[in-house]
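Residue-level structure breakdown
Listed below are the residues making up each chain.
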Amino acid sequence: MIKVLFFASLRERLDEESLEMEAEGLADLGVVLMRLRERGGIWSEVFAADQTVMMALNQEMTGADAAVKDGDEVAFFPPVTGG
Amino acid sequence: MIKVLFFASLRERLDEESLEMEAEGLADLGVVLMRLRERGGIWSEVFAADQTVMMALNQEMTGADAAVKDGDEVAFFPPVTGG
Amino acid sequence: MNEIRIQSEPFDPNIEVDILRAGNPAIGGVVSFIGLMRDINEGETVSTMTLEHYPGMTEKTLQAIVDEANQRWDLLGSRVVHRVGEMKPADPIVLVAVASTHRGEAFQACEFIIDFLKTRAPFWKKESTSEGSRWVDARHSDDDAEARWKL
Amino acid sequence: MNEIRIQSEPFDPNIEVDILRAGNPAIGGVVSFIGLMRDINEGETVSTMTLEHYPGMTEKTLQAIVDEANQRWDLLGSRVVHRVGEMKPADPIVLVAVASTHRGEAFQACEFIIDFLKTRAPFWKKESTSEGSRWVDARHSDDDAEARWKL
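Residues numbered from 1 in each chain as written. Chains lettered and ligands numbered in written order. Predicted model: local features only at pLDDT ≥ 70, side-chain atom pairs only at ≥ 80, totals over all residues. Heavy atoms only, no water.

Across its full length, chain C carries four helices and nine strands. The helix and strand sequence of chain C, counted from the amino end, reads β-α-β-β-β-α-β-β-β-α-β-β-α. For chain C, the C-alpha radius of gyration of 16 Å lies close to 15 Å, the compact-globule estimate for 151 residues. Taken along the three principal axes of its C-alpha coordinates, chain C extends 50 × 35 × 30 Å. Among the 151 residues that make up chain C, the fraction classed as buried is 54%. Look at the contacts in chain C between residues 6 or more apart in sequence, and 77% of them connect residues 24 or more apart. Here chain C displays about 6,200 Å² of accessible surface, and carbon together with sulfur accounts for 48% of that area. (Helix = DSSP H or I, 4+ residues; strand = E, 2+ residues; numbered from the N terminus. Rg over C-alpha atoms; globule rule 2.2 N^0.38 Å. Buried < 20%, exposed > 50% of the residue type's maximum accessible area, 1.4 Å probe, protein only. Contact = heavy atoms within 4.5 Å. Areas by Shrake-Rupley, 256 points an atom, 1.4 Å probe, with all protein chains shown as cover.)

Ranked by internal contacts, the top residues of the largest apolar core, which has 64 residues, are Ile113 of chain C together with Ile113 of chain D. Those residues in contact with isoleucine 113 of chain C that sit more than four places away from it in its chain are Ile65, Val66, Ala69, Val80, Val96 and Val98 of chain C. (Core = buried A, V, L, I, M, F, W, Y, C linked by side-chain atoms within 4.5 Å.)

Located in the positive-phi region is glutamine 59 of chain A, a residue other than glycine, with phi close to 65 degrees. Turning to its location among the elements, glutamine 59 of chain A is positioned in the loop between β3 (54-57) and β4 (60-62). On the basis of relative accessibility, which here comes to 17%, the residue glutamine 59 of chain A falls in the buried class. One non-glycine residue, aspartate 15 of chain B, lies in positive phi territory at about 55 degrees. We classify aspartate 15 of chain B as exposed; its relative accessible area is 70%.

Taken residue by residue, the interface counts 26 residues in chain C and 21 residues in chain A. Interface of chain C and chain A: buried area, both sides summed, is about 1,800 Å²; carbon and sulfur atoms make up 57% of it. Broken down residue by residue, the surface that chain C buries against chain A is led by Tyr54, Met57 and Trp124 of chain C, which jointly contribute 35%. Where chain C packs against chain A, one counts two salt bridges. Close ionic contact of lysine 126 of chain C with glutamate 12 of chain A constitutes a salt bridge, the shortest N to O distance being 2.3 Å. Joining chain C to chain A, the criterion identifies 13 residue pairs in polar contact (both at pLDDT 80 or more). Elements represented by at least two residues in the side of chain C that touches chain A include exactly β4 (44-53), α2 (57-72), β7 (92-100), α3 (103-120) and β8 (123-129) of chain C. Split by residue class, the side of chain C that touches chain A holds 15 nonpolar, four polar and seven charged. (Buried area = accessible area lost by both parts, 1.4 Å probe. Salt bridge = Lys/Arg side-chain N within 4 Å of Asp/Glu carboxyl O. Polar contact = N/O pair within 3.5 Å; in protein donor to acceptor, adjacent residues only side chain to side chain. Nonpolar A, V, L, I, M, F, W, Y, C, P; charged D, E, K, R; others polar.)

Confidence in the prediction for chain C averages 94 pLDDT; 99% of positions are at 70 or higher. Scored by ipTM, the complex comes to 0.94, with pTM at 0.95. (pLDDT = per-residue confidence, 0-100.)

A separate point is the arrangement of the chains. The assembly contains three pairs of chains in contact; the pair sharing the most contacts is chains C and D. For chain A and chain B, which are not in contact, the least C-alpha distance works out to 29 Å. A minimum C-alpha distance of 10 Å separates chain A and chain D, which share no contact.

A few words now on the sheet that holds strand β1 (residues 2-6) of chain A. All names here are of chain A. Spatial strand order, β2-β1-β5-β3-β4: five strands in an open sheet with mixed pairing. A strand with exactly one partner marks an edge of an open sheet, and here the two such strands are β2 (18-21) and β4. Sheet twist, expressed as the average angle between the axes of neighbouring strands with direction ignored, equals 30 degrees. Sheet analysis places β3 next to β4, joined by three bridges and oriented antiparallel. What sits directly across from alanine 56, in β4, is methionine 61. Across the sheet, helix α2 (residues 29-37) lies against β1, β2, β3, β4 and β5 (73-77), angled at about 60 degrees from β5, the strand it touches most. (Pairing = 2+ DSSP bridges. Axes fitted to C-alpha atoms, helices over the stretch in contact; angles between N-to-C directions.)

Listed by partner, the interface residues are 35 residues for chain D and 34 residues for chain C. Counting the contacts that link chain D with chain C gives four salt bridges. Arginine 103 of chain D is paired through a salt bridge with aspartate 142 of chain C; the nearest N and O atoms lie 2.8 Å apart. Joining chain D to chain C, the criterion identifies 13 residue pairs in polar contact (both at pLDDT 80 or more). Breaking the side of chain D that touches chain C down by element, the ones donating at least two residues are α1 (13-22), β2 (29-36), α3 (103-120) and α4 (140-147) of chain D. Pairing analysis gives seven bridges linking strand β2 (residues 29-36) of chain C to β2 of chain D, with the strands arranged antiparallel. Bridge pairing in β2 of chain D places valine 31 of chain C opposite phenylalanine 33 of chain D.

In total, this model carries one cavity of 30 Å³ or more according to the counting rule given. Considering only enclosed or pocket space, the largest cavity measures out at about 60 Å³ in volume. Around the largest cavity sit Pro13, Asn14, Val17, Ser32, Ile34 and Leu95 of chain C together with Pro13, Asn14, Val17, Ser32 and Ile34 of chain D, which together line it. For the lining of the largest cavity, the secondary structure elements donating two or more residues are α1 (13-22) and β2 of chain C together with α1 and β2 of chain D. Here the lining of the largest cavity is built from residues that sort into seven nonpolar, four polar and no charged. (1 Å grid on protein atoms, 1.4 Å probe; cavity = no way out; pocket = protein on both sides within 12 Å on 5 of 7 lines; lining within 4 Å. Points joined across faces, edges and corners; volume = space filled by probe spheres on them.)

By a simple turn and slide, chain D fits onto chain C: the slide is 0.0 Å along the axis, the RMSD is 0.0 Å, and the turn is 180 degrees. On this basis, the relationship between the two copies can be described by a two-fold rotation axis. Interface overlap between copies is the fraction of interface residues in one copy that are interface residues in the other; for chain D against chain C it reaches 97%, indicating a shared surface. (Least-squares fit on C-alpha atoms with pLDDT ≥ 70 in both.)

As structure tokens, this is what we get:
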């Protein structure tokens, strides 16, 4: 299993803080994102190809080609606006 | 007359805070400096050609080619070290 | 010597700078940046702001940025404090303070840390205005600021 | 909004920054530089330092530097305070604090002001060590810092 977290406007729009997914078949973060998009409805909007979604793997910012394995913590969020 | 001020190490070495000079014949700051050098002794050392002396005319940093006129305030000092 | 703190309570930037200064009499200069909550954004009055963050990743990211700054410049200490939760206009949101022997390094390191914090650290601002609440958009100028450092 | 002060009494940099911050709720960032007296210079312990200046020219020079900074960048206020006379290790010698809407301008203006203060403002430091007292030499790195700004 992997844990998937959502933050800020993504969390609010999806009305979901986190979920778990079977790790099997999830080659990389791009596949995770595609699976989320395939859920349809608001999920297909939030994760549409033209949306700017940032991602982290085990609490490090990374790209869609980052490999995912069982036990990983994955997060999706909008561009950061701290400081 | 012009007023000539000395600061910091120059003031200490010359043992002089200020003096007055007849403005006549003082074309520019370079001439003022030459006159001071001609006083001999420590004056010729402090104002020797190889010494780094900074100068101001009426409280603005300037160079040896700045024209001098009656009533001006002239100052000579070492490179500044504030801050 | 390098303090990193995320907190929901208000903080006093002056105390942070004092602690940094007191650390070492070899310190010749301290450069600090205080980011304040403004009461107007994009023409609308902002009454409160709420900062969300990603606990765990935030600390890790800031630590990596501060480590990188210490590798690039010869520093004598730094402090990074960032608020989360709800805050009001004029509240300090973030403090980045850097001490060094010579000022040039402190200036560079301080700006480096805040530039990367702005584009890499997982914080998100939500403003409350009379029109309701809205998430603040990321600024392109922040990406440009980060890009200058060629990391 | 732009305060320039030369004084023999000690000053508290925090109070200066607080006054600057309080000036305008549109202020998004404050960058400050505090220059501190170090207790060691060129390997020798410095017990006290005396700062001489050229009254009148000092204020004029600092005003010209701050005016130039305000022309170059969009600022919401600045404060420059400089000690003269005798001081002791860890005392603040100088504070330069600049407020603006966006941080990049405050960083640039603050560094610009201190860089030019260092090379143009008529202050001279004299240190007292166990070996006696000596005038501090100007640093080439300060000339280099100034030259970057192409004034």
